[in-house]
Amino acid sequence: MKKLLGYIFTPIFYFFFFSLLCIFHPIQWICYRFFGYKAHKVSVDVMNFFLTYCNWFLLNSVTFTNQQNLPTDRPIIFVANHQSMYDIPGLIWYLRKYQPKFISKIELTKGIPSISFNLKYGGGANIDRKDSKQAISEIIKLGRRMKENNWSAVIFAEGTRAKDGKIKTFQVGGIATLLKVASNALVVPVAIENSWKIVRFGKFPLNIANPIKWTVLKPIDQTDKNAEEITLAAENSIREQLHQSI
C-alpha cells in the first residue's frame, strides 16, 4: 500500500523540492554577489528549511534532537552515518548556527540548481575521489577555514550511503586530516535514522510515512585518543543510538 501511495505523493514532493532548488538558485547568486558570505548563508539556510519540510509531502515526520550544549566559539566535526541525500537539508537547517560545511564529490559542483552553486561558494571541500592529492589538499583548506572562522564540518564517515540503513565501517582519513589542521575541533556524532527508507524503492516511487530522525550525540572524549580511536568511538556511539551491533 505504501508503495502504491508513493506513486501519488512522489510527483508532488519532486515538484516542490525541485521548484525550491530553482527558485533559490538566483536568490543565492544575488545574495553572494552583492551582499557576501553572510547573506548567502542565510539564503542557503532558508532554502534548507523548506527542503527539510518537503518531507511532509511524503507524509514523513521530521524530528531533530540536540540536547548537547555545544560551543560556537570553536570548530566542530560532526560525524554522521549516511543513508540518503535527504539527510543533508536537515543537517544544514538544524545545525545552522554552527555553520556546517560538507565534503562533497566535485562532480556535484556542476549542473544542479542551488546545490552546485552552494558547493562552489559555500566554503566546503569539493574532492576528486580519483585524485587523492587534490582531495587531501581540499580537506586541508577546509580545516584552515574551520580554524579561522570557527566553522563546523559534517563528515559522512562511511564514505557512501547505507542503502539498507546498516552502518558501514567508518573511515578515518577525512577526520584525521581535519584534526591535524584544526586540532582544537570538537568531534560530535550525529545519528540519522530512517531516511534510507525514503528511497528503498529507488527514485520513483519514493516511500512514504517514515519517521525521519537526526540525533546529536554526546561529544567524543578526545583525551589521549588518536584519530583512529576517535573515529571508532563516534561510530560506536551512533551504532548504540541506532541499536546496531558494535
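Here is a short report on the structure shown in this document. Since the structure is predicted, the reported quantities are computational estimates derived from the model, not experimental observations.

### What to know about the packing of helix H1 (residues 2-35) against helix H2 (residues 37-53)
The geometry of H1 relative to H2 is characterised by a closest axis approach of 7 Å and an angle of 170° between their N-to-C directions. Between H1 and H2, the interaxial angle falls into the category roughly antiparallel. On H2, the residues that touch Phe17, Leu20, Leu21, Phe24, Ile27, Gln28, Cys31, Tyr32 and Phe35 of H1 are Tyr37, Ala39, His40, Ser43, Val44, Val46, Met47, Phe50 and Leu51. Partitioned by chemical class, the residues of the contact of H1 with H2 number 15 nonpolar, three polar and no charged.

### Focus on the sheet that holds strand S2 (residues 76-80)
Strand order in this open sheet of seven strands is S1-S7-S6-S2-S5-S3-S4, and the pairing throughout is mixed. The sheet terminates laterally at strand S1 (61-66) and strand S4 (125-127), the two strands that pair on one side only. Pairwise comparison of adjacent strand axes, ignoring direction, gives a mean angle of 20° for this sheet. Helix H5 (residues 132-149) contacts S2, strand S3 (100-105), S4 and strand S5 (152-156) of the sheet and is inclined by roughly 175° relative to S4.

### Thoughts on the environment of phenylalanine 102
Tracing the chain through its elements places phenylalanine 102 in strand S3. If sequence neighbours within four positions are ignored, phenylalanine 102 has contacts with Ile88, Leu91, Ile92, Gly124, Ala125, Val154 and Phe156.

### Focus: the nonpolar core
In this structure, Phe13, Leu70, Phe78 and Leu91 are the most contacted members of the largest nonpolar core, which totals 35 residues. If you list the elements that add at least two residues to this core, you get H1, H2, S1, S2, helix H3 (88-94), S5, strand S6 (186-193) and strand S7 (211-216). Residues within four places of phenylalanine 78 in sequence aside, it is in contact with Leu70, Leu95, Tyr98, Ser152, Ala153, Val154, Ile155, Val188 and Val190. Core analysis: the next-biggest nonpolar cluster, separate from the first, contains 27 residues, Ala125, Trp151, Ile155 and Val187 among them.

### Thoughts on helix H7 (residues 227-241)
For H7, built from 15 residues, the straight-helix expectation of 21 Å at 1.5 Å per residue is met to within 8% by its first-to-last C-alpha distance of 21 Å. By the burial criterion, the buried members of H7 are Ala227, Ile230, Thr231, Ala234, Glu235, Ile238 and Arg239. For H7, the secondary structure elements touched by its buried residues are S2, helix H6 (173-181) and S6. Directly beyond the C-terminal end of H7, a positive phi value near 60° is found at histidine 243.

### Things to note about a positive patch on the surface
Together, Lys105, Arg129, Arg161, Lys163, Lys168 and Lys203 give the surface a local cluster of positive charge. Tracing the chain through its elements places lysine 203 in the loop between S6 and S7. Here lysine 203 falls in the exposed class, since its relative accessible area comes to 70%.

### Thoughts on a negative patch on the surface
Together, Asp221, Asp224, Glu228 and Glu229 make up a region of like negative charge exposed at the surface. Relative to the helices and strands, aspartate 224 resides in the loop between S7 and H7.

### Considerations on the side chain of glutamine 83
On the secondary structure map, glutamine 83 appears in the loop between S2 and H3. Classification of glutamine 83 as buried rests on a relative accessible area of 4%. A distance of 3.0 Å separates a polar atom in the side chain of glutamine 83 from the backbone nitrogen of serine 195. Discounting chain neighbours no more than four positions away, the residues touching glutamine 83 are Arg161, Ala162, Gly165, Ile192, Glu193, Asn194, Ser195 and Trp196.

Parameters and conventions
Residues numbered from 1 in each chain as written. Predicted model: local features only at pLDDT ≥ 70, side-chain atom pairs only at ≥ 80, totals over all residues. Heavy atoms only, no water. Axes fitted to C-alpha atoms, helices over the stretch in contact; angles between N-to-C directions. Helix = DSSP H or I, 4+ residues; strand = E, 2+ residues; numbered from the N terminus. Parallel < 35°, antiparallel > 145°, perpendicular 65-115°, else oblique. Contact = heavy atoms within 4.5 Å. Nonpolar A, V, L, I, M, F, W, Y, C, P; charged D, E, K, R; others polar. Pairing = 2+ DSSP bridges. Core = buried A, V, L, I, M, F, W, Y, C linked by side-chain atoms within 4.5 Å. Buried < 20%, exposed > 50% of the residue type's maximum accessible area, 1.4 Å probe, protein only. Expected span 1.5 Å × (residues − 1). Patch = residues over 30% accessible without salt bridge, like charges linked within 9 Å, V, L, I, M, F, W, Y side chains within 5 Å. Areas by Shrake-Rupley, 256 points an atom, 1.4 Å probe, with all protein chains shown as cover. Salt bridge = Lys/Arg side-chain N within 4 Å of Asp/Glu carboxyl O. Lys, Arg positive; Asp, Glu negative; His and termini not counted. Charge placed at Lys NZ, Arg CZ, Asp CG, Glu CD. Polar contact = N/O pair within 3.5 Å; in protein donor to acceptor, adjacent residues only side chain to side chain.

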